[in-house]
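Architecture and fold: a report
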Amino acid sequence: MTVGESAGTDSICQRTSEERITQDSSLQKNDGTGGIKSIDSVNRDFSKDKDEMRMKRKVGLFSGVALVIGNIIGSGIFVSPGYLLASAGSPGLCLILWGVCGVYSLLGAIAYCEIGTLIPKSGGEYIYFLEAFGPLNKFFGPMLAFIYAWVSVFLLSPSSVAILALSFAEYFVTPILAAIDFCTDPYLSYVLNRLVAAICIGIIAFVNCYSVTAATRVQNVFTIAKLTAIAIIIGGGLYYLALGYTENLENGFEGSATSFGQIATAFYGGLWAYSGWNNLNYITEEIKNPYRNLPLAITIALPLTTILYVSINVSYLTVLTPQEIIISDAVAVDWGIKVLGPASFLIPLGVVMSIFGATNGTVFTSGRISHVAGREGHAPDFLSYIHIEKKTPIAPILLTSLLAILMIIPGDIASLIDFFGFTISLFYCAAMVALIVMRFTKKDEHRPIKVPIIIPIIVMVVSAVLIVAPIVAAPQVQYFYALLFILAGLIFYVPFVYYKKTVPRIASFTVFLQKTLKVAPTT
């Protein structure tokens, strides 16, 4: 009995035998992950365009630029400055590292333009590893893709959302408590921050489950709001520079870090602030005219973001001392109090809107990874299903949001940033290897964009240094946990993907989710 037949009079599950789609065995069999690969399970007529079960191309150029900028500019520029400055040791090296991180991200994004237009599928690194290494080795290729999906779905994406939500709560709660002169003990403050962070995640999850259009509109509006707040900070810094406040900048490179480990750790702070430059590749199938808009959005967004980041840090250093920046939990708020006086509330308001927009963008794109992994048989099938009316990947969004809420309970922002920077460097390096490999294995395929080979080589080498240097110079327990989590993925890959073992009763659970969430497989 199909899901539709078991659902009785449910209108979404009814169709006559004459209306059935041709029985495609690939859409009917249990693929070993425990899900039901049957498009008939909800008995819909997919022969009509208006009824197709697939996510639509609704992201245009402006929304693409807004999504990249919105994903990148979140909490990083308001949280990482002190972290990066403390690791760099001097204002001069700090500003250089902000610029170098921007150049590294731009080079990586340009390389991703080639991969994204060569393989115009959603899923980012996951689908690239599958396409690049899968034909070479039937075990290693799918394994690497699975490991990326495993780490991304259960670690990188939720930790990113958790960091953003905690930063949102910090900037939202602190000014309110200060304004009402309400003193709280540390425990109550901890609880309030976690509660607000959880509410933030819940609202964003609802918006992204409800509609792709609603999610992109939220992204567009909040991107404009955050750019306005950034313009205020940069404008205030230029004003103070004109008045001659250059003392902190004149310290130059005094006290700069000299070890590769320290510089690499500082780089992690910058990587977190720039994280999101590759997120547009996760939704390639939802971009209008991806061959044009994917590279154009990236080449507009990355240079603009780099200029803004360097300018913001110059502004911070004209008003605050390096030590004030390092010890501050809310650098932008401290800057606003000194510069704007009674109007200082504009800064935390702008920061809150910035972080909210970035969290929305992260949830929007991260859900697509597990969606594609489920579609390829590397995750339970229900993760690949989309809502029958809204065409949104509800299950992946809810999974990411739930894991993020769990992570905010013990969450420490600095530790999460280290963890994130180390782990993502591993996959950036592997993605560049994939691009180089495909220059040989797919040399005859059409490439709308072909970058100079030196670009992926540079990104690969820098990423490798970022992986090795901190382990050698300043090993942290976070790096061990990251490697352990990656290896743990093999425990699930070998039996459930490679040998296609089935989790008991997962098929019944999948049917239950289909009925509860009103989701179905994509065509």
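Residues numbered from 1 in each chain as written. Predicted model: local features only at pLDDT ≥ 70, side-chain atom pairs only at ≥ 80, totals over all residues. Heavy atoms only, no water.

**Looking at the overall build of the chain**
Counting its secondary structure elements, the chain contains 19 helices and two strands. In the chain, buried positions account for 59% of the 523 residues. A sequence separation of at least 24 residues applies to 82% of the contacts in the chain between residues at least 6 apart. Here the chain has roughly 21,100 Å² of accessible surface; of this, 67% comes from carbon and sulfur atoms. (Helix = DSSP H or I, 4+ residues; strand = E, 2+ residues; numbered from the N terminus. Buried < 20%, exposed > 50% of the residue type's maximum accessible area, 1.4 Å probe, protein only. Contact = heavy atoms within 4.5 Å. Areas by Shrake-Rupley, 256 points an atom, 1.4 Å probe, with all protein chains shown as cover.)

**Focus on the side chain of Glu125**
Structurally, the position occupied by Glu125 is in helix H5 (residues 125-133). Its relative accessible area of 0% is what places Glu125 among the buried residues. For Glu125, the side chain forms a polar contact with the side chain of Tyr148, separated by 2.9 Å. In this structure, Glu125 is in contact with Tyr112, Tyr148, Asn278, Tyr282, Phe427, Tyr428 and Ala431, ignoring residues within four places of it in sequence. (Polar contact = N/O pair within 3.5 Å; in protein donor to acceptor, adjacent residues only side chain to side chain.)

**Structural notes on the packing of helix H11 (residues 290-319) against helix H13 (residues 331-340)**
Packing of H11 against H13 brings their axes to within 10 Å, and their N-to-C directions diverge by 55°. Judged by the angle between their axes, H11 and H13 are oblique. Handedness of the H11/H13 crossing: left-handed. Contacts between H11 and H13 pair Ser315, Tyr316 and Val319 from the former with Val331, Ala332, Trp335, Lys338 and Val339 from the latter. Partitioned by chemical class, the residues of the contact of H11 with H13 number six nonpolar, one polar and one charged. (Axes fitted to C-alpha atoms, helices over the stretch in contact; angles between N-to-C directions. Parallel < 35°, antiparallel > 145°, perpendicular 65-115°, else oblique. Left-handed = near helix turned anticlockwise from the far one by under 90°. Nonpolar A, V, L, I, M, F, W, Y, C, P; charged D, E, K, R; others polar.)

**Section: helix H4 (residues 91-118)**
Its 28 residues give H4 an end-to-end C-alpha distance of 41 Å, which sits within 8% of 40 Å, the value for a rise of 1.5 Å per residue. Burial analysis of H4 places 23 of its 28 residues in the buried class, the great majority of the element. (Expected span 1.5 Å × (residues − 1).)

**Thoughts on the pattern of salt bridges**
Scanning the entire structure with this criterion turns up seven salt bridges. Glu445 is paired through a salt bridge with Lys442; the nearest N and O atoms lie 3.7 Å apart. Several salt bridges share partner residues, and in doing so they unite Lys121, Glu131, Lys442 and Glu445 into one network. (Salt bridge = Lys/Arg side-chain N within 4 Å of Asp/Glu carboxyl O.)

**Some thoughts on unusual backbone geometry**
In terms of backbone geometry, most residues other than glycine have negative phi values and most peptide bonds are trans. At Lys391, a residue that is not glycine, the phi angle is positive and equals roughly 60°. Relative to the helices and strands, Lys391 resides in the loop between strand E1 (386-387) and helix H15 (394-408). At Lys518, a position not held by glycine, the phi torsion is positive, near 55°. For Lys518, the position within the fold is in the loop between helix H19 (506-517) and strand E2 (519-520).

**Description of the nonpolar core**
Among the nonpolar cores identified, the biggest contains 158 residues, and Tyr126, Phe129, Tyr171 and Tyr316 are the most heavily contacted of them. Sort the elements by how many residues they give to this core and helix H6 (residues 140-179) lands first, with 23 residues. Apart from the residues within four sequence positions on either side, Phe129 is in contact with Gly134, Gly141, Leu144, Ala145, Tyr148, Phe427, Ala430, Ala431 and Ala434. (Core = buried A, V, L, I, M, F, W, Y, C linked by side-chain atoms within 4.5 Å.)

**Side note on a nonpolar patch on the surface**
Taken together, Tyr187, Leu188, Tyr190, Val191, Leu402, Leu406 and Ile409 make up a surface patch of nonpolar side chains, about 680 Å² in accessible area. Among the secondary structure elements, those contributing two or more residues to the nonpolar patch are helix H7 (186-210) and H15. Along the chain, Leu406 falls in helix H15. (Patch = residues over 30% accessible without salt bridge, like charges linked within 9 Å, V, L, I, M, F, W, Y side chains within 5 Å.)

**Remarks on the state of the cysteines**
Within the structure shown, the criterion is met by zero disulfides. We note that Cys101 lacks a disulfide partner, and the nearest cysteine sulfur, in Cys94, lies 9.6 Å from it. (Disulfide = S-S within 2.5 Å.)

**A look at the side chain of Lys391**
Taking the relative accessible area as the measure of exposure, Lys391 reaches 10% and is therefore buried. One polar contact links the side chain of Lys391 to the main-chain carbonyl oxygen of Ile388, over a distance of 3.0 Å.

**Digging into the packing of aromatic side chains**
If you walk through the whole model with that rule in mind, you get 32 aromatic pairs. An angle of 75° between the planes, with centres 5.5 Å apart, marks the rings of Phe139 and Tyr493 as edge-to-face. Within this pair, whereas Phe139 is found in the loop between H5 and H6, its partner Tyr493 is found in helix H18 (residues 477-498), the two being separated by 354 residues in sequence. Looking at Phe139, the relative accessible area reads 32%, which means it is partly exposed. Three or more aromatic residues link up through ring pairs in this structure, and these residues are Phe139, Phe146, Trp150, Phe154, Phe485, Phe492, Tyr493, Phe496, Tyr498 and Tyr499. (Phe/Tyr/Trp six-rings, centres within 6.5 Å; stacked < 30°, edge-to-face > 60°.)

**Some thoughts on the confidence of the model for the chain**
In this model, the chain carries an average pLDDT of 81, and 86% of its residues clear a pLDDT of 70 or more. Predicted confidence for residues 1-51 stays below pLDDT 50, and this span has 96 contacts to residues more than four positions away or in other chains. (pLDDT = per-residue confidence, 0-100.)

**Overview of the packing of helix H2 (residues 61-72) against H11**
The description of two packed helices rests on the angle between their axes and on the distance between the axes. Between H2 and H11, the shortest axis-to-axis distance is 8 Å and the interhelical angle comes to 40°. Classified by the angle their axes make, H2 and H11 are oblique. In the packing of H2 onto H11, the handedness of the crossing is right-handed. Along its contact with H2, which presents Leu61, Gly64, Val65, Val68, Ile69 and Ile72, the element H11 presents Arg292, Asn293, Leu296, Ala297, Ile300, Ala301, Leu302, Leu304, Thr305 and Tyr309.

**Some details on the environment of Leu320**
With respect to the helices and strands, the residue Leu320 is situated in the loop between H11 and helix H12 (322-327). For the pair formed by Leu320 and Tyr245, sequence separation is 75 residues and the distance between their alpha carbons is 10.0 Å. Excluding residues within four positions of it along the chain, Leu320 makes contact with Asn248, Ile325, Val331, Asp334, Trp335 and Lys338.

**A look at helix H8 (residues 212-242)**
With 31 residues, H8 extends 45 Å from end C-alpha to end C-alpha; this agrees with the ideal 45 Å at 1.5 Å per step. In the segment just after H8, Gly244 is the residue with positive phi, at about 100°.

**So, the environment of Ile326**
Relative to the assigned elements, Ile326 resides in helix H12. By relative accessible area, which is 32% here, Ile326 ends up partly exposed. Taking the C-alpha atoms as reference points, Ile326 and Gly82, separated by 244 residues in sequence, lie 3.9 Å from one another. Ignoring anything within four residues of it in the chain, the contact list for Ile326 reads Gly82, Leu85 and Ala86.

**So, the environment of Gly89**
Positionally, Gly89 belongs in the loop between helix H3 (76-88) and H4. As for Gly89 and Ser256, which are separated by 167 residues in sequence, their C-alpha atoms are 4.4 Å apart. Those residues in contact with Gly89 that lie beyond four places of it in its chain are Glu254, Gly255, Ser256 and Ala257.

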